[in-house]
Each structure stands twice: as structure tokens, then as C-alpha cells.
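Coordinate inspection notes
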Amino acid sequence: MNEPTCTPGELAAARKVLALIDLFRATDPDMNMGEAVSFLVVAASDGISLSGLKTKGQFGKSSATRHAQSLGAKGGRGKRQPMGLISSRENRLEARRKVLELTPKGELLAQQVRHVMGL
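Residues numbered from 1 in each chain as written. Predicted model: local features only at pLDDT ≥ 70, side-chain atom pairs only at ≥ 80, totals over all residues. Heavy atoms only, no water.

What follows concerns the packing of helix H3 (residues 50-57) against helix H4 (residues 61-71). Geometrically, a packed helix pair is captured by the angle between its two axes and the distance between the axes. As a packed pair, H3 and H4 sit with axes 9 Å apart at the nearest point and diverge in direction by 110°. It follows from the interaxial angle that H3 and H4 lie roughly perpendicular. As for the relative orientation of H3 and H4, their crossing is right-handed in sense. When H3 is examined against H4, the residues Leu50, Leu53 and Lys54 are found in contact with a partner set consisting of Lys61, Ala64, Thr65 and Ala68. Among the residues forming the contact of H3 with H4, the class breakdown is four nonpolar, one polar and two charged. (Axes fitted to C-alpha atoms, helices over the stretch in contact; angles between N-to-C directions. Helix = DSSP H or I, 4+ residues; strand = E, 2+ residues; numbered from the N terminus. Parallel < 35°, antiparallel > 145°, perpendicular 65-115°, else oblique. Left-handed = near helix turned anticlockwise from the far one by under 90°. Contact = heavy atoms within 4.5 Å. Nonpolar A, V, L, I, M, F, W, Y, C, P; charged D, E, K, R; others polar.)

Looking now at helix H1 (residues 8-27). A rise of 1.5 Å per residue sets the reference length of H1, with its 20 residues, at 28 Å; its end C-alpha atoms lie 29 Å apart and thus fit the reference within 8%. Buried within H1 we find Leu20, Leu23 and Phe24. Along H1, the residues classed as buried sweep out an arc of 95° about the axis, all on the same side. Turned more than 90 degrees away from the buried face of H1, the exposed residues are Pro8, Arg15, Leu18, Arg25 and Ala26. Turning to H1, the residues buried within the fold contact helix H2 (33-44) and helix H5 (104-117). (Expected span 1.5 Å × (residues − 1). Buried < 20%, exposed > 50% of the residue type's maximum accessible area, 1.4 Å probe, protein only. Arc of directions from axis to C-beta.)

For soluble globular proteins, the rule of thumb is that nonpolar side chains tend to be buried together. Membership of the largest hydrophobic core comes to 22 residues, with the highest contact counts inside it found for Phe24 and Phe39. Those elements giving two or more residues to this core turn out to be H1, H2, H4, strand E3 (98-102) and H5. Each residue touching Phe24, except ones within four places of it in the same chain, is listed here: Met31, Ala36, Phe39, Leu40, Leu109 and Val113. (Core = buried A, V, L, I, M, F, W, Y, C linked by side-chain atoms within 4.5 Å.)

Relative to the assigned elements, Ala14 resides in helix H1. The partly exposed category is assigned to Ala14, whose relative accessible area is 37%. As for Ala14 and Ser62, which are separated by 48 residues in sequence, their C-alpha atoms are 31 Å apart.

Next up on the list: the packing of H1 against H5. Where H1 meets H5, the axes come as close as 9 Å, and the angle between the chain directions of the two elements is 160°. The orientation of H1 relative to H5 falls into the category roughly antiparallel. For the pair H1 and H5, the crossing hand works out as right-handed. Of H5, the residues touching H1 (which contributes Lys16, Ala19, Leu20, Leu23, Phe24 and Thr27) are Leu109, Gln112, Val113, Val116 and Met117. Of the residues in the contact of H1 with H5, the class split is eight nonpolar, two polar and one charged.

Applying the stated criterion across every chain yields a total of one aromatic pair. A ring pair is formed by Phe24 and Phe39, whose centres lie 6.1 Å apart and whose planes are at 80°; its orientation type is edge-to-face. In this pair, Phe24 is assigned in helix H1 and Phe39 in helix H2, connecting sequence segments 15 residues apart. You'll find Phe24 and Phe39 in the same group, each marked buried. (Phe/Tyr/Trp six-rings, centres within 6.5 Å; stacked < 30°, edge-to-face > 60°.)

Below, the structure written as C-alpha cells:
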């Protein structure tokens, strides 16, 4: 039986993905996939609204809120420490909406992500 083979490009891409997972695990060993995706969405769209995170991340409203809280400074994740990667503030134009932005710690992680991905 023939074993599947990967092209060098596919192998390099797989190594980048594994390095990215290791980076997220080093940041918080309990970070789940939804939180990682949420972080990447905010990093790619700094200043995104919570509803924008919901749409781009393809989450339900409660999941997007929970991920934003987990990634934030306040936490909301039971006994786990808050990650402090993003902050939330009121939108200057529409006070009912929250704007999500990277904290300095989040900016550092975003730089590390870009480095791992070769961007």
C-alpha cells in the first residue's frame, strides 16, 4: 500500500501551522480553537466590533462574547487567568457597540504570529 506523500510546500505549510499552534499553547495552554480564531480575527481587523467578530469568526453571539471575554483583561473563564490579549471599549460613534483592539501583549503575540507565518 502506498503512503500518501506531501509536496515540500505542503510540508512547509504544515510546519507553520504546528508552530502557530505551539505559539498559542505557549501563550495559554488552555486556549481553545475558538479563542485562537477570535484572536486572529481581531489581529487582522484591529478595531473590529463584537458583531464583526461574530460574522468573520462564524460564531454565535454568545460564543463571540465569551471568546472576547476570555481573550480580554477581565477573563470570565472561571478559575483560569484572563489572557489580556485584547481590550474592549465603547465605539465613539455608537456607544452601544464595543470595539475590540489588541493590547500591547496582544500586539506582541500578533508579531510572533506574523513571524511564524513568514508575513
